[in-house]
Amino acid sequence: MLLKLAWRNIWRNKKRTFITMFSIVFAVVLSILLDSVKKGLLDKMKENVVSFYTGYIQIHKKGYWDDKTLENSFDWQPELIDNLERNKSISLAIPRLESFILAASEKYSKGCMVVGIDPEKESSVTSLAEKITKGNYLLSSDKAVLVTEGLASYLKLDVNDTLVLIGQGYHGVSAAGKFPIKGLIKFGSPDLNKGLVYLPLKESQRLFAADNKLTALVLSPTRTDKVKELVHSLQLELTDDYEVMNWQLMMPELDQVIAGEKAENVIFQVVLYLLIAFGIFGTVLMMTLERQYEFGVLIAIGMKNFRLSTLVVLENVLISVLGAIGGIILSIPIVFYLFSYPIKLGGKLAEAYEKFGIEPIFYFSMAPRVFYSQGLVVFFLALFLSLYPFIKIRRLEPVSAMHS
Amino acid sequence: MNNLPPVIITEDLTKVYDEGAIPVKAVNQVNLQIDQGEFTALVGPSGSGKTTLLNMIGGLDRPSSGKVWVDGKNLGAMKKNQLIDFRLHNIGFVFQAYNLIPVLTARENIEFVMLLQKASKKERNHRVLELLREVGLQDKMNNRPDELSGGQQQRVAVARALASKPKFVLADEPTANLDSKTAANLLDIMSKLNQEEGITFIFSTHDQRVIDRAHRVITLVDGAIESDELIANASDHIESV
Ligand SMILES: Nc1ncnc2c1ncn2[C@@H]1O[C@H](COP(=O)(O)OP(=O)(O)OP(=O)(O)O)[C@@H](O)[C@H]1O
Ligand SMILES: [Mg+2]
């Protein structure tokens, strides 16, 4: 009965109800777009670095992350890897030997990171093979390299050209080698794209004179939402010679950027919803004040104040939730379009973004949370704004209500 | 009239409004008994305290002093929600105007009270149709108040007041917004319900033609009862209709 009454009551002043609903629809759509692009960008940013390069968890020799030198490498032990991969929370453990080195062509040179990898395993975790834009992916037996597009174009090198690597190996021995470029790879993260060279693990160990050495084991967890717990249990399992780090620990800046961006969004949305709240409250107030006489009659004939105030709350929630649902429905195709065709920035703007290490593409997220969270916000906002009429009507006396 | 105890008893009922510079005694020491089956008019000049008295009898307003017993129960001893429930089950109300819920049809307006009473669907349907027939609005039952004339709205209000099977109906100037012909029609319906169903009506009015139909006329002046007369032959008029 209450619901039927509430439903009819909200359509008593169609224009006002529509205006209120439209303002909510507008706010919800705007808010969803904002959330979607923020989440899309941050997810992408994280994916670009975490999924495609560092992985969620790495194991190093203790102290490596603070002092990334070959002296802080550890011996490859097949039992260690077997043990890790037997853990149900870990799907794969991939070995890497990484070190800085100077990459050079005939005319140019640039510092870069050489990553020695097990090509098959590496690709099943970081999808490296899919990032080939020219040439072919590596085989374990190759004596060749993959070079990121940014680095290759800086050095003016292409597939089948020769890349020279010069630097320092294990225990300070000099390291130098010449490798044909087997393929070019492209990373979304501009920073990574500027300076990575991939080499089969064996070749890299030979180059750095670091036989059987690794700098990191990159772990691929079965559940990315249980990383913290996994890190904790691994830390207990492994000896003190190793450090286990999740990506937040390895890249606190990225973690902070993500947290910061989220907060920034919240501030904007608070302002947006504050404006909408005034609109809703105006409607709520009018709907309460202009019906004082009617409320008086209802209480007089035997309706309890509590029921009456519940009715009014229901009316407000109905208007707001309908507006929110409308906003969500309207935003789904918009977000879906932008999700499918992310906005690519061009020209100067794109360059500026890349300079700051940000991929110049606006990705949108279709995560359900982006949508329903706005619905929840509006629902609770409506409940909160109904507090005033709720309290007011609970105290209403029939005679004074009918007098006004 | 009968041997039943009075349905309403007031004892030194007084209401003082203390808001202005001088306190107003809207109702002053009223002692009154209303029996089952009465058809009583409350008259008096504007500001004489009719509305205030009816509100206190109906449990809508609390007296400054004195007591109201309805069906042997002291209204003053009831808590707010008890009083609302008591009104719902024992007292029917008809106000001057805007009695009805605008978004409900005539039928739904009558049914509403029974929904509050949690009556069964079968019972509701039966009673609502019966009442619509009594007030002659079967053909308007699916119309909303704004599609009804003022007289029809008041008839629906009377039907709603009766839907809860109350001990009595209080009507504060029910004909004030009606033309004389419509007013007479409403009075016909009320007195028919009084005669045939034994429903107790207490109504305030300024209208002499309405006063003429009452069986008992209580006159208030300055909040106090000035006269209280039984009209012996009032019912003759009805029977001739
Ligand atoms: N809420 C109130 N606050 C202050 N004074 C009031 C209030 N209600 C009524 N009064 C005063 O009480 C007195 C009685 O008013 P009441 O409305 O009961 O008279 P009435 O007989 O119903 O008049 P009318 O015929 O005009 O309806 C009047 O003097 C009125 O001004
Ligand atoms: Mg009055």
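The residue numbers shown here count from 1 along each chain, following its written sequence. The order in which chains are written sets their letters, starting at A; the order in which ligands are written sets their numbers, starting at 1. Side-chain atom pairs in this predicted model are given and counted only at pLDDT of 80 or more, local residue features only at pLDDT of at least 70, and totals for whole chains, interfaces and linings cover all residues. Computation of side-chain values covers all heavy atoms of the structure but excludes hydrogens and water.

In the nomenclature of an unreviewed UniProt entry, chain B corresponds to ABC transporter ATP-binding protein from the organism Agaribacillus aureus.

Per an unreviewed UniProt entry, chain A is named ABC transporter permease, and its organism is Agaribacillus aureus. UniProt positions are given in the numbering used here, feature names are shortened, and annotations may be inferred rather than shown by experiment. The heading Sequence similarities (unreviewed entry) in the UniProt record of chain A holds the text "Belongs to the ABC-4 integral membrane protein family. LolC/E subfamily." On record in UniProt, under Subcellular location (unreviewed entry), the comment for chain A is "Cell membrane".

A. Main features of the UniProt feature "transmembrane region" (unreviewed entry) in chain A. All names here are of chain A. Using the residue numbers shown here, the UniProt feature "transmembrane region" (unreviewed entry) corresponds to residues 266-289, 310-339 and 371-391. The span residues 266-289 is 100% helix and 0% strand, and its two end C-alpha atoms sit 33 Å from each other. Summarising residues 371-391: 95% helix, 0% strand, and an end-to-end C-alpha distance of 31 Å. Numbering of helices and strands runs from the N terminus, with a helix taken as a DSSP run of H or I at least four residues long and a strand as a DSSP run of E at least two residues long.

B. Region of the structure containing the sheet that holds strand S8 (residues 200-204) of chain B. All names here are of chain B. What the six strands build is an open sheet, ordered S6-S7-S8-S3-S9-S10; its pairing is mixed. Edge positions in the sheet fall to strand S6 (91-94) and strand S10 (224-230), since each has one partner strand and no second. When strand polarity is set aside, the average angle formed by the axes of neighbouring strands in this sheet is 15°. DSSP calls a pair of strands paired once it identifies at least 2 bridges connecting them. Bridging between S6 and strand S7 (residues 168-172) involves four bridges; their strand directions are parallel. Across the sheet, the residue bridging to isoleucine 91 is phenylalanine 168, located in S7. For every element, the axis is a line fit to its C-alpha atoms; helices are fit only across the contacting stretch, and the angle between N-to-C directions ranges from 0 to 180 degrees.

C. Geometry of the side chain of Lys131(A). Residues and elements named next belong to chain A. Here lysine 131 shows up in the loop between helix H4 (119-126) and strand S5 (132-135). Notably, lysine 131 is buried but unbridged: the nearest opposite-charge side chain belongs to glutamate 130, and the N-O separation is 6.0 Å. For lysine 131, the side chain forms a polar contact with the main-chain oxygen of threonine 126, separated by 3.2 Å. Throughout, exposure labels follow a simple rule: accessible area from a 1.4 Å probe, protein chains only, divided by the maximum for the residue type, with under 20% read as buried, over 50% as exposed, and the rest as partly exposed. For this count, His and the chain ends are skipped, Lys and Arg are scored as positive, and Asp and Glu as negative. Between Lys or Arg on one side and Asp or Glu on the other, a salt bridge is scored when a side-chain nitrogen of the former is within 4 Å of a carboxyl oxygen of the latter. Residues adjacent in sequence count toward polar contacts only when both atoms are side-chain atoms; beyond that, a polar contact is any pair of N or O atoms within 3.5 Å, and within protein one must be able to donate a hydrogen and the other to accept it.

D. Main features of the pairing of strand S11 (residues 216-221) of chain A. Residues and elements named next belong to chain A. Burial analysis of S11 places six of its six residues in the buried class, which makes it a mostly covered element. Residues Ala216, Val218 and Ser220 point to one face of S11 and Leu217, Leu219 and Pro221 to the other, with burial holding for every one of them. Examined bridge by bridge, strand S1 (residues 57-61) and S11 share three bridges and lie antiparallel to one another. Considered in S11, the bridge of glutamine 58 is made with valine 218. Here strand S3 (residues 90-104) runs beside S11; their pairing, made up of six bridges, is antiparallel. Counterpart to proline 95 in the pairing with S11 is leucine 217.

E. The packing of aromatic side chains, seen in detail. All names here are of chain A. Working definition: a ring pair exists when centres of Phe, Tyr or Trp rings (six-membered ring for Trp) sit within 6.5 Å. Plane angles under 30 degrees give stacked, over 60 give edge-to-face, the rest tilted. Summed over all chains, the structure comprises 14 aromatic pairs over all chains. Aromatic side chains phenylalanine 74 and tyrosine 242 sit 5.4 Å apart centroid to centroid with 85° between the ring planes, which places their arrangement in the edge-to-face category. Taken together, the residues span a long stretch of sequence, with phenylalanine 74 in strand S2 (residues 74-75) and tyrosine 242 in strand S12 (residues 242-246) at a distance of 168 residues. When its relative accessible area of 6% is taken as the criterion, phenylalanine 74 is described as buried.

F. Quick look at the site of ligand 1. What makes a residue near a molecule or strand is one non-hydrogen atom of that residue sitting within 4 Å of it. Residues in close proximity to ligand 1 total 15 residues, the closest being Ser46(B), Gly47(B), Lys50(B), Thr51(B) and Thr52(B). In this structure ligand 1 sits where residues from chains A and B come together. Lys50(B) is positioned with one of its side-chain polar atoms (N or O) 2.7 Å from an oxygen atom of ligand 1. Those elements that provide at least two residues to the shell around ligand 1 are strand S2 (24-34) and helix H1 (50-57) of chain B.

G. How the structure looks around the pattern of salt bridges. Residues and elements named next belong to chain A. Using the criterion set out here, one finds 26 salt bridges over all chains in the structure. As a salt-bridge pair, lysine 194 and aspartate 191 come within 3.7 Å of each other at their nearest N and O atoms. Taken together, the residues lysine 194 and aspartate 191, both in helix H6 (residues 190-194) and three residues apart, mark about one turn of the helix. On the accessibility criterion, lysine 194 (39% relative accessible area) is partly exposed.

H. Quick look at the packing of helix H10 (residues 252-289) of chain A against helix H14 (residues 368-385) of chain A. All names here are of chain A. Between H10 and H14, the least distance of the axes is 10 Å, while the angle of their chain directions is 45°. In this view, H10 runs oblique relative to H14, as classed from their interaxial angle. Classified by chirality, the crossing of H14 by H10 is right-handed. Seen from H10, the contacting residues are Gln269, Tyr273, Ala277, Ile280, Phe281 and Val284; seen from H14, they are Gln374, Val377, Val378, Leu381 and Leu385. Polar here means any residue other than Ala, Val, Leu, Ile, Met, Phe, Trp, Tyr, Cys and Pro, which are nonpolar, and Asp, Glu, Lys and Arg, which are charged; Gly is therefore polar. The class makeup of the residues in the contact of H10 with H14 is nine nonpolar, two polar and no charged. The cut-offs work like this: below 35 degrees is roughly parallel, past 145 is roughly antiparallel, 65 to 115 is roughly perpendicular, and the gaps in between are oblique. Helix crossings are classified by the rotation of the near helix relative to the far one: an anticlockwise turn of less than a right angle makes the crossing left-handed, while a clockwise turn makes it right-handed. Every residue pair with non-hydrogen atoms within 4.5 Å of one another is taken to be in contact.

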